[in-house]
Every structure is written in C-alpha cells, then in structure tokens.
Amino acid sequence: MSYGGASPIIDYGVINFVRNRREAKADFLRVGHTVPVHHLLRFLTKQWKLPDPGIIVQVTGSAQGFDLPPNLVTPITEGIVEAASVAEAWIITGGFDAGVMSLVGSAVARWKHKCDNTPLLGVGSWRGVQNKEMLENACGNRVSYHSAGKNTSRAAGLEPNHTQFLLVDNGQEGDKTFGAELTVLENLQKELRNQYAAPTVLLVIQGGPGTLDTMLRAQRQGIVTVVAADSGQFASAMANYMRTNEVDPDWKKQTRSFEEIKSINEEWSAKDEREGT
C-alpha cells in the first residue's frame, strides 16, 4: 500500500511495545487524510471487531507542561473509567505518550478490571509519531515499536496502554503535521452518531491553544463539553470566562474564540428553555 494510492487504507498491523515494563500490544491503522468515513468505520467494526458504542468519551488537554493538581487525579481518572464501564463507551485521545493522553492510558490500565472491553482509541497524526519507521510496511503483521526518547513539539511516542491507534497521514511535515486527524475524527464521530446514536462527550483537562481549537470545533458540532475547571491552563481560563465574562490576560489573542464558545452555549440554553428541557 502506498500513500495517495487507490486504497483508503495505507497500512495496518499490530504494535508490540518493547522496552515496556509489561507486555503491551495494540492494533494500528494508517490512513490518508481523505479516507472515506464508511471505509474507516467498516475497518474498525469488521477488522478490529470493536463493540457497538453507547457513547464516545473524547479526552483532550495538555500534552506538554502537564501538571495536574494531585487532588484532581483520582476523581478525574476514576470518573472517566466509571463512565466508560457503564455506558459501553469508546474512549478517544490523541494517542501519544504525553500529558493527558498518558494520564488516561495509565488510568485504563490501572482499572482494567472495570473496563476490560472498553476500546481506548488513539487518533493522532502519523507524521507526529516518533520512530514511525518501525511501523512501516506492517501489511497486517506484528511489528516491534519503541519511542525515540524525549518528546518534542513535533513528535512523540505512542502511549502503550491504548488498544488501537488510528494514525492519519496528510503527507505534510513541520507546522502542518497536525490537524488532519481532527477532521477525520469529526467525520467518524458524526458517522457513529448516525449509525449507533452514540453521542460524543468531550472532556477538557488543562490545555493550550490546540485544546481551545478542539473545543471550539466540538462546540460547533453540538458536542457536549465538560471542562475540568480547576485543572489549570486553558480549562481554568475557559471556566472563569464562562462565569465572569473576563478573558484571562494570557488568552487575550483568543478572545473571539472564547466569545464564540460562550455564544454557542447561550444559544443552547435559550433553545432548552423554549423547548422546556
């Protein structure tokens, strides 16, 4: 398979994580950024045999500079696991071994007995994967993988507790490496909602400008968003703005995005009042 060929699937296989304290493996799928969503969903349900989802729990937040207050770690992670275990959820993160994505991976591994059948799907950029060459030409087979060491702003290792990885290749490098995976994820979420009536709930923990963009895109789709208000960084700034209408000085350049998010929520509230819900 080759990028830009007739097939929407570039490559797939099973990752064997080496240099890990315990045996870990995960399915992976590499696709082009224009992959038709029906091809994608067929692979996830027929090839990977993922269960029908009751809800999609998407978690976003800081990758770098992640320092969650200790008193929030347990309630947040236990909340994710409990929600997933009772709602037949798919949990989705960016899939990298960094920040909030590592937090979710470790939590699912720790409470595996509660969510043993819950898919933990990493949807990320193929070209943002450290040592991605180790995954090339898998052709459905098992490949050994380890990260290159310290993460950077442009590349990171894959988090070994995820059960599947959907890696989107847009053929771009540098500043354009990331972003196409969000569009593919949005299309997948819409299809899951249409076929399974599975809504998405977005959980925001800390985060920077990229997290703001993810939340804004989700709000425009009508996705319910839960913000961990006391977690810090973007999440706290957003929560404070919703309460006080004041934008944190560090976020003044993003004022229009803050205003749009609040406007969308006010429209939802007004609609709920009209409909008596």
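Preceding this section is the structure that the text describes.
Reference entry: report on the structure contained in this document. Being a predicted model, the structure only gives us computed values, none of them experimental. (Residues numbered from 1 in each chain as written. Predicted model: local features only at pLDDT ≥ 70, side-chain atom pairs only at ≥ 80, totals over all residues. Heavy atoms only, no water.)

### Observations regarding the packing of helix α6 (residues 233–244) against helix α7 (residues 255–275)
Here is step 1 of the chain: In the contact formed by α6 and α7, the axes pass within 10 Å of each other and the chain directions differ by 55 degrees. On the basis of the axis angle, α6 is oblique to α7. Crossing of α6 over α7 shows right-handed handedness. In this structure, α6 uses F234, A237, M238, Y241 and M242 to contact α7, whose residues at the interface are F258, E259, I261, K262 and N265.
Here is step 2 of the chain: The residue inventory of the contact of α6 with α7, partitioned by class, reads 7 nonpolar, 1 polar and 2 charged. (Axes fitted to C-alpha atoms, helices over the stretch in contact; angles between N-to-C directions. Helix = DSSP H or I, 4+ residues; strand = E, 2+ residues; numbered from the N terminus. Parallel < 35°, antiparallel > 145°, perpendicular 65-115°, else oblique. Left-handed = near helix turned anticlockwise from the far one by under 90°. Contact = heavy atoms within 4.5 Å. Nonpolar A, V, L, I, M, F, W, Y, C, P; charged D, E, K, R; others polar.)

### Description of the nonpolar core
Here is a general trend for soluble globular proteins: nonpolar side chains tend to be buried in one another's company.
Here is step 1 of the chain: Counting 40 residues, the largest nonpolar core has V59, L135 and L158 as the members making the most contacts within it.
Here is step 2 of the chain: If one sorts the elements of this core by residue count, helix α3 (residues 99–110) sits on top with 6 residues.
Here is step 3 of the chain: With residues near it in sequence (within four places) discarded, L135 still touches D11, I15, F28, W126, V143, Y145, L158 and L167.
Here is step 4 of the chain: One finds V31, L41, W48 and L121 within the second-largest nonpolar core, a separate group that totals 22 residues. (Core = buried A, V, L, I, M, F, W, Y, C linked by side-chain atoms within 4.5 Å. Buried < 20%, exposed > 50% of the residue type's maximum accessible area, 1.4 Å probe, protein only.)

### Let's talk about the packing of helix α2 (residues 70–87) against α3
Here is step 1 of the chain: Where α2 contacts α3, the axes come no closer than 10 Å and their chain directions differ by 65 degrees. Considering the angle they form, α2 stands roughly perpendicular to α3. Crossing of α2 against α3: the hand is right-handed. Residues V73, T77, I80 and V81 of α2 form the contact with α3, whose participating residues are L103, V104 and A107.
Here is step 2 of the chain: Partitioning the contact of α2 with α3 into residue classes produces 6 nonpolar, 1 polar and no charged.

### So, the environment of K271
Here is step 1 of the chain: Inspection of the secondary structure assignment puts K271 in helix α7.
Here is step 2 of the chain: Taking the C-alpha atoms as reference, K271 lies 24 Å from L212; in sequence the two are 59 residues apart.

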